[in-house]
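The residues making up each chain are set out below.
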Amino acid sequence: MSVFVLLRVSSRRAEICRELTGDHFVAMPVEDLEDMLCKPPETGLLLFDSRELSIDSLTLAMDTRNVWLPFVAIGENPSASDVVSCMRAGAIDFIDLARTENNFAHQIANAVSALNSLSGVRYRQYRARRLLASLTSRERQVLDGMANGKSSKSLAAELSISYRTVEAHRTNMLRKMNASSFQAIRIAIEAAIA
């Protein structure tokens, strides 16, 4: 499997590439995320340092290019909130470099094993959450009602708005998500899976 090592410090990038290159991995050094995403690989794993590149910047760059590449964050003594943010954004793993005494390649192998079973679920969850983030609060309420089996008429009564207003929010929501009603409900469910 290809592991794309995105680190700013070239000596550190080279060191990690040397450590990973072997029987199971082909380590590819990456200097710039934007350059890599111009011609994104079809498969592989992106390894990045959460101190050098924020998780929001990484996911925004992938979203902008409509690319998904599974990723593993690394850092030294990360805070719990950094780890949680990365995992919520879809990271396969977060590796604390301060605690990886000579078993970094083994930890990447474990992440690849997790990737094989989780990548489809994580990808769908990631995309679903990104789509829902683009909705207004009222569009989200309409989608939540749809996902709970409510009709537009009952939603109108519950939200104290007209039936036509519910339909307008529903139409806007489906357009933003580029989805049918069924697909939108599935996306809402995938986003809710923890």
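Structure: above.
Throughout, a residue's number is its position along its own chain's written sequence, starting from 1. Where local features are concerned, this predicted model is filtered to residues with pLDDT of at least 70; where side-chain atom pairs are given and counted, the filter is 80 or more; whole-chain, interface and lining totals use all residues. The basis for every side-chain value is the complete set of non-hydrogen atoms in the structure, without hydrogens or water.

A. Spotlight on the overall build of the chain. Of the regular secondary structure elements, the chain holds nine helices and five strands. Secondary structure follows DSSP: runs of H or I at least 4 residues long count as helices, runs of E at least 2 residues long count as strands, and numbering of each begins at the N terminus. Along the chain, helices (α) and strands (β) appear in the sequence β-α-β-α-β-α-β-α-β-α-α-α-α-α when read from the amino end. Oriented by its inertia axes, the alpha-carbon framework of the chain measures out at about 65 × 30 × 25 Å. Relative accessibility under 20% of the residue-type maximum defines a buried residue, over 50% an exposed one, and the middle range a partly exposed one, all with a 1.4 Å probe and only protein chains included. Residues classed as buried in the chain amount to 41% of the 194 residues present. Contact criterion: two residues are considered in contact whenever any of their non-hydrogen atoms come within 4.5 Å of each other. Excluding contacts between residues fewer than 6 apart, the proportion of contacts in the chain whose partners are at least 24 apart in sequence is 60%. Here the chain displays about 10700 Å² of accessible surface, and carbon together with sulfur accounts for 49% of that area. Mean positive and mean negative side-chain charge positions of the chain (23 and 22 charges, respectively) differ by 11 Å. The Shrake-Rupley method, run with a 1.4 Å probe sphere, supplies the accessible areas, and residue values consider only the shown protein chains as cover. Residues scored as charged are limited to Lys and Arg (positive) and Asp and Glu (negative), so that His and the chain ends carry no count. Every charge is mapped to an atom, namely NZ of Lys, CZ of Arg, CG of Asp or CD of Glu.

B. Representation of the packing of helix H7 (residues 152-159) against helix H8 (residues 163-177) within the structure. Throughout, an axis means a line fitted to C-alpha atoms (over the contacting stretch in the case of helices), and angles, computed between N-to-C directions, take values from 0 to 180 degrees. Direction vectors running N to C along H7 and H8 enclose 110°, while the axes themselves pass 8 Å from each other. Classified by the interaxial angle, the pair formed by H7 and H8 is roughly perpendicular. Along the contact surface, H7 presents Ser 152, Lys 153, Leu 155 and Ala 156, while H8 presents Tyr 163, Val 166, Glu 167 and Arg 170. Gly counts as polar in this scheme, as do all residues outside two lists: the nonpolar Ala, Val, Leu, Ile, Met, Phe, Trp, Tyr, Cys and Pro, and the charged Asp, Glu, Lys and Arg. Looking at side-chain class alone, the contact of H7 with H8 contains four nonpolar, one polar and three charged residues. Angle categories are assigned with fixed cut-offs, so that under 35 degrees is roughly parallel, over 145 is roughly antiparallel, 65 to 115 is roughly perpendicular, and the rest are oblique.

C. Summary view of unusual backbone geometry. You will see that Ser 160, though not glycine, has its phi angle at about 60°, which is positive. In this fold, Ser 160 is placed in the loop between H7 and H8. A residue is classified by how much of its surface remains accessible, and Ser 160, at 65% relative accessible area, is exposed.

D. Region of interest: the sheet that holds strand E1 (residues 2-6). Two strands pair under a simple rule: DSSP has to find at least two bridges between them. Taken in spatial order, the five strands make up an open sheet running E2-E1-E3-E4-E5, and their pairing is parallel. Looking at which strands have only one partner, the edges of the open sheet turn out to be strand E2 (26-30) and strand E5 (93-96). Geometrically, the sheet is characterised by an average inter-axis angle of 25° between neighbouring strands, direction not taken into account. This element, helix H3 (residues 55-64), spans strand E3 (45-49) and strand E4 (71-75) of the sheet and lies at about 155° to E4. Packing of helix H4 (residues 80-88) onto the sheet brings it into contact with E3, E4 and E5, and relative to E5 it is tilted by some 150°.

E. Molecular detail of the pairing of E1. Buried residues dominate E1, accounting for four of its five residues. With five bridges joining them, E1 and E2 adopt parallel strand pairing. Counted as the bridge partner of Phe 4 is Met 28 from E2. Judged from the four bridges that link them, E1 and E3 form a sheet pairing that is parallel. Each bridged residue has a counterpart across the sheet, and for Leu 6 the counterpart in E3 is Phe 48.

F. Quick look at the nonpolar core. Core analysis: the biggest nonpolar cluster contains 23 residues, and Leu 33, Met 36, Leu 46, Phe 48, Leu 58, Met 62 and Phe 71 have the highest contact counts within it. Top contributing element to this core by residue count: H3, with four residues. Residues in contact with Phe 48, not counting those within four places in the same chain, are Leu 6, Leu 7, Leu 53, Ile 55, Leu 58, Phe 71, Val 72, Ala 73, Ile 74 and Cys 86. Of all hydrophobic cores here, the second largest spans 20 residues; its members include Leu 7, Cys 17, Ile 74 and Ile 92. Each nonpolar core is a collection of buried residues, namely Ala, Val, Leu, Ile, Met, Phe, Trp, Tyr and Cys, held together in the definition by side-chain atoms within 4.5 Å.

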